[in-house]
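# Examining the three-dimensional arrangement
Residue strings, one per chain:
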Amino acid sequence: MSSTQTSPAPTAYAAARIHTLTAPAPLEDHAVVVEGERVAAIVPRAEAAGAVDLGDVDLAPGFVDVQVNGGGGVLFNDDPSVAALMTIADAHRAFGTTALVPTLITATAETMAAARAAVDAAIDEGVPGVLGIHFEGPFLDPRKPGAHDPALVRPPSDEDLDAILDGARGVTVVTAAACCLDEAALAQLRGGGARLALGHCASTYDEARDAFAAGVTGVTHLYNAMSPMESRAPGLVGAALATDGVTSGLIVDGVHVAYGAVRAAWRAAGTDGIMLVTDAVQPVGSDVTEFELGGQRVRLVDGRCINEDGNLAGSALDMASAVRNAVRYAGIPLADALRMASLTPSRFLGVDDERGSIAPGLRADFVALDDRLEVVSTIVGGAPLA
């Protein structure tokens, strides 16, 4: 006696506008046909009998966040575990983020190794949305520590590099200052598959350009904790905006960066050179208003995460709000804001063959937004979760 397995019947999601991010304009009154966890086809609504009608919404690829420190009341630095990663991912999924890179700020080599192990285990266990790990530090410029513990800021050691690269699953992003990236460190990190970004860095324009020429492809939270652009000293900001092939993260919460500066960066670097990030900490998806970060007490006041010195320490931003802010206050077209929230970070991470746009063969990870750009539904692997 033989048995046969049958595949689940295809599901279709119809929407007023579908932003594939590969077509020149949104597709109106179409439906995305999903088989299993992937897109099978995009067809006119009339050809999708029995489609789930999402209504008058903008359907876009799920957001991809390259810099997520925490959420749901949890900080990855405090709890480098699979359970913490699940909580963080769940918190951000409610705001349309279907993939993220958990971020560990400057820590000991032991904590770095524990974080690496937690992310590797989460990927092995199939925790939805965890793409890899982002080490923001400890290889930072002592002149620009930001909210990182200055006592732990240091140049690369063999122990640190082993913690970053040993047993790596998924993507690995390392934020470092140009002054810490000597030839040996660059060779080991790039040889281990890490994607490098300059951040917390007081480099000159020429030093930053040299780092980009040596293989650094990103900038972490453009404008913040770095040498500014001035007429006679363009600094890291100027180098980032003037260099092709560099992708800069922007925290578009109206707190870290003025909206005029957001618009200027978008005008200079375009949607291929700017990606939206949250730099989120514990408050996202929770009612937490006081917490610790980098050994300092932080309070959430009027949307600002402020440490004991009155400086910004992470954010309470989610990706849907970042998109909304970019459109409402920086005057960026919705299609461009969506691209910067999904396709551009996917390309920076090298995962655009899996996600970041809506096309046959890619993962069926979507976010549906209403006319206020609020999340109506988040769909992961073809299944609606919110």
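What counts and what doesn't
Residues numbered from 1 in each chain as written. Predicted model: local features only at pLDDT ≥ 70, side-chain atom pairs only at ≥ 80, totals over all residues. Heavy atoms only, no water. Phe/Tyr/Trp six-rings, centres within 6.5 Å; stacked < 30°, edge-to-face > 60°. Helix = DSSP H or I, 4+ residues; strand = E, 2+ residues; numbered from the N terminus. Patch = residues over 30% accessible without salt bridge, like charges linked within 9 Å, V, L, I, M, F, W, Y side chains within 5 Å. Areas by Shrake-Rupley, 256 points an atom, 1.4 Å probe, with all protein chains shown as cover. Salt bridge = Lys/Arg side-chain N within 4 Å of Asp/Glu carboxyl O. Lys, Arg positive; Asp, Glu negative; His and termini not counted. Charge placed at Lys NZ, Arg CZ, Asp CG, Glu CD. Buried < 20%, exposed > 50% of the residue type's maximum accessible area, 1.4 Å probe, protein only. Axes fitted to C-alpha atoms, helices over the stretch in contact; angles between N-to-C directions. Parallel < 35°, antiparallel > 145°, perpendicular 65-115°, else oblique. Contact = heavy atoms within 4.5 Å. Nonpolar A, V, L, I, M, F, W, Y, C, P; charged D, E, K, R; others polar. Pairing = 2+ DSSP bridges. Expected span 1.5 Å × (residues − 1). Core = buried A, V, L, I, M, F, W, Y, C linked by side-chain atoms within 4.5 Å. pLDDT = per-residue confidence, 0-100.

Taken as a whole and assessed by the stated rule, the structure comprises two aromatic pairs. Between the aromatic rings of Tyr13 and Phe366, the centroid separation amounts to 6.5 Å while the plane-to-plane angle is 70°, which identifies the pairing as edge-to-face. Taken together, the residues Tyr13 in strand E1 (residues 11-18) and Phe366 in strand E19 (residues 366-369) connect sequence positions 353 residues apart.

On the surface, Asp78, Asp79, Glu292, Glu308 and Asp309 cluster together to form a negatively charged patch. With a relative accessible area of 57%, Asp309 lands in the exposed category.

Another point: the packing of helix H7 (residues 259-273) against helix H9 (residues 334-341). At a closest axis distance of 9 Å, the pairing of H7 and H9 adopts a crossing angle of 60°. The orientation of H7 with respect to H9, classified from their angle, is oblique. Two secondary-structure elements touch here, H7 through Trp266, Thr271 and Asp272 and H9 through Asp336, Arg339 and Met340. By residue class, the composition of the contact of H7 with H9 is two nonpolar, one polar and three charged.

The subject of this paragraph is the sheet that holds strand E14 (residues 247-251). What links the strands of a sheet is backbone hydrogen bonding, and the strands pair in either a parallel or an antiparallel sense. The strand order across the open sheet formed by eight strands is E6-E9-E10-E11-E12-E13-E14-E15, and the pairing between neighbours is parallel. Of all the strands in the sheet, just strand E6 (63-68) and strand E15 (274-277) have a single pairing partner and so form its edges. Bridge analysis of strand E9 (residues 97-105) against strand E10 (residues 132-136) gives three bridges, and the strand direction is parallel. Looking across to E10, one finds that Leu104 is bridged to Phe135. This element, helix H1 (residues 82-93), spans E6 and E9 of the sheet and lies at about 130° to E9.

What follows is about H1. A rise of 1.5 Å per residue sets the reference length of H1, with its twelve residues, at 16 Å; its end C-alpha atoms lie 16 Å apart and thus fit the reference within 8%. Residues of H1 that are buried include every one of Val82, Ala84, Leu85, Ile88, Ala89, Ala91, His92 and Arg93, and no others. Those residues of H1 hidden inside the fold are in contact with E6, strand E7 (70-71), strand E8 (74-75), E9, helix H2 (109-124) and strand E20 (375-380).

Leaving glycine aside, a negative phi is the common case for residues, and trans is the common case for peptide bonds. Note the cis peptide between Gly137 and Pro138, where omega equals 15°. Structurally, Pro138 is set in the loop between E10 and helix H3 (158-165).

Our focus in this paragraph is the pattern of salt bridges. This model, assessed by the stated rule, comprises 18 salt bridges. Residues Arg363 and Glu37 are paired through a salt bridge, measuring 3.1 Å at the closest nitrogen-oxygen approach. Highlighted residues: Arg363 in the loop between helix H10 (343-349) and E19 and Glu37 in the loop between strand E2 (27-35) and strand E3 (38-44), separated in sequence by 326 residues. Taking relative accessible area as the criterion, Glu37 reaches 47% and is therefore assigned partly exposed.

What follows deals with the nonpolar core. Proteins that are soluble and globular tend to have nonpolar side chains buried together. Counting 91 residues, the largest nonpolar core has Phe63, Phe76, Leu198, Phe212, Leu222 and Leu349 as the members making the most contacts within it. The contact partners of Leu349, leaving out residues within four places of it in the chain, are Val64, Val66, Val101, Leu131, Val171, Val173 and Arg195. Among the nonpolar cores identified, the runner-up in size contains 14 residues, and Leu54, Val57, Ile358 and Ile379 belong to it.

The subject of this paragraph is the side chain of Ser248. In this fold, Ser248 is placed in strand E14. Non-local contacts of Ser248, meaning those with residues more than four positions away in its chain, are made with Val219, Leu222, Ala240, Gly273, Ile274 and Met275.

Confidence along the protein chain averages 95 in pLDDT terms, with 97% of residues attaining 70 or more. Residue range residues 1-7 is modelled with pLDDT below 50. Its contacts to residues more than four positions away, or to other chains, number zero contacts.

Further remarks concern the pairing of E19. Residues Phe366 and Ala368 line one face of E19 and the alternating positions Val367 and Leu369 line the opposite face, and both faces are buried. Here strand E5 (residues 58-61) runs beside E19; their pairing, made up of four bridges, is antiparallel. Across the sheet, residue Pro61 finds its bridge partner in E19, namely Phe366. Across four bridges, E19 lies against E20 in antiparallel orientation. Bridge assignment links Phe366 to a residue of E20, and that residue is Ile379. As consecutive antiparallel partners, E19 and E20 are separated by five residues, and within that stretch Leu373 has a phi angle of approximately 60°, a positive value.

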